[in-house]
Amino acid sequence: MRINDFFHVREVLDSYSLLISIRHRESEEELQNPTAFSFWKVLSDLPVNRMFMRDPHRTHFHRGIPDIANDLYELRDYILEYIESRRVERLVLVGTSAGGYTALVLGKLIEILRPQLPLRVHAYDPQTSLRYEAMREKSPHKWGFIKEPSPTPELMSVVPLFRDNPSKGDQKYTIVIGTDWEDHEYASELRTLSEMPEYGGRWRPRLIFRRTRKKESTHGTEIVRQTQDGRLRKIVFREFGMRR
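Please read these numbers as outputs of a predicted model, since none were measured by experiment.

About the cut-offs
- Residues numbered from 1 in each chain as written.
- Predicted model: local features only at pLDDT ≥ 70, side-chain atom pairs only at ≥ 80, totals over all residues.
- Heavy atoms only, no water.
- Axes fitted to C-alpha atoms, helices over the stretch in contact; angles between N-to-C directions.
- Helix = DSSP H or I, 4+ residues; strand = E, 2+ residues; numbered from the N terminus.
- Parallel < 35°, antiparallel > 145°, perpendicular 65-115°, else oblique.
- Contact = heavy atoms within 4.5 Å.
- Nonpolar A, V, L, I, M, F, W, Y, C, P; charged D, E, K, R; others polar.
- Left-handed = near helix turned anticlockwise from the far one by under 90°.
- Buried < 20%, exposed > 50% of the residue type's maximum accessible area, 1.4 Å probe, protein only.
- Arc of directions from axis to C-beta.
- Phe/Tyr/Trp six-rings, centres within 6.5 Å; stacked < 30°, edge-to-face > 60°.
- Lys NZ or Arg CZ within 6 Å of the ring centre and 35° of its normal.

**Student:** How would you sum up the packing of helix 6 (residues 221-228) against helix 7 (residues 231-239)? Please name residues and give values.
**Tutor:** For the pair helix 6 and helix 7, interaxial distance at closest approach is 5 Å and the crossing angle is 80°. For the element pair helix 6 / helix 7, the angle class is roughly perpendicular. Contacts from Glu222, Ile223, Arg225, Gln226 and Thr227 in helix 6 reach Arg231, Leu232 and Ile235 in helix 7. Per-class residue counts for the contact of helix 6 with helix 7 are three nonpolar, two polar and three charged.

Given below as structure tokens:
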């Protein structure tokens, strides 16, 4: 079921699971490719419902997706309606960079309204704050990408969302970063929350940080490695209780 060039759903009969794949912030040239959905081919044989998203506005989905939603809250509501209609019993979100940020935000927003839903988020090299000051300091080359006020300014930072809404059920958020200093700066904003008892602390963690073992792993390269060597497939299949 293709809605437009930026949103696509592939349904599997009798599946009660849902994977959401969220693409990174694309260049103007990349946006011209109507088939550029992340992990489309590598997860083509995953026997669950799959939802693929792209952001033509290039604002970390703060302005939604054409014909689907006008902001992140409406996007959450669209997903929740789909979850109800398909009676989804397990949800996994995967994204990298801007897609990783969006996976964290949507995952937490969905968890708040559906705390009983088993949920897993895998965010690769995500930003955790899009506020003017943070982007200017940590990403001076791109801090001005949101040129107009966001319709959801309270979601410009992931940290308050996680701090004020700790997990209480079967949810787990995994953040994977490389050696890029910018990614480490962003991750540090959330890392302090991982020791909170509500996030399981050290023994039953719900907020997990993983760093690549490669000596050099710049922004975005770890997800490329995991896609090419098959680790991403294994991770996603495992989250749905399958083996590949």
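Once the structure has been displayed, the description carries forward.
**Student:** Let's hear about the packing of helix 1 (residues 72-85) against helix 2 (residues 98-113): which residues, and what values?
**Tutor:** One way to put it is that helix 1 packs onto helix 2 with a least axis distance of 10 Å and a crossing angle of 60°. Taken together, the axes of helix 1 and helix 2 lie oblique to each other. At the point where helix 1 passes helix 2, the crossing takes the right-handed sense. Of the residues in helix 2, those in contact with Leu72, Tyr73, Leu75, Arg76, Ile79, Leu80 and Ile83 of helix 1 are Tyr101, Thr102, Val105, Leu106, Leu109, Ile110 and Leu113. A per-class count over the contact of helix 1 with helix 2 returns twelve nonpolar, one polar and one charged.

**Student:** Give me helix 6: which residues, what numbers.
**Tutor:** Those residues of helix 6 not exposed but buried are Glu222, Ile223 and Gln226. Along the axis of helix 6, the buried residues cluster in a sector spanning 95°; they form a single face. Where helix 6 is buried, its residues contact strand 5 (90-96), strand 6 (119-124), strand 7 (171-177) and helix 7. Of the residues flanking the end of helix 6, it is Gly230, one or two places downstream, whose phi is positive at about 90°.

**Student:** Please provide a residue-by-residue account of the packing of aromatic side chains, values included.
**Tutor:** Overall, the coordinates contain five aromatic pairs when judged by the stated rule. Connected via pairs of aromatic rings, a cluster forms that spans Phe37, Trp40 and Phe52. One residue, Arg54, lies across the ring of Phe37, its end atom 5.8 Å from the ring centre. The ring of Phe209 has Arg191 lying over it, and the distance from NZ or CZ to the ring centre is 4.8 Å.

By themselves these figures say nothing about function.
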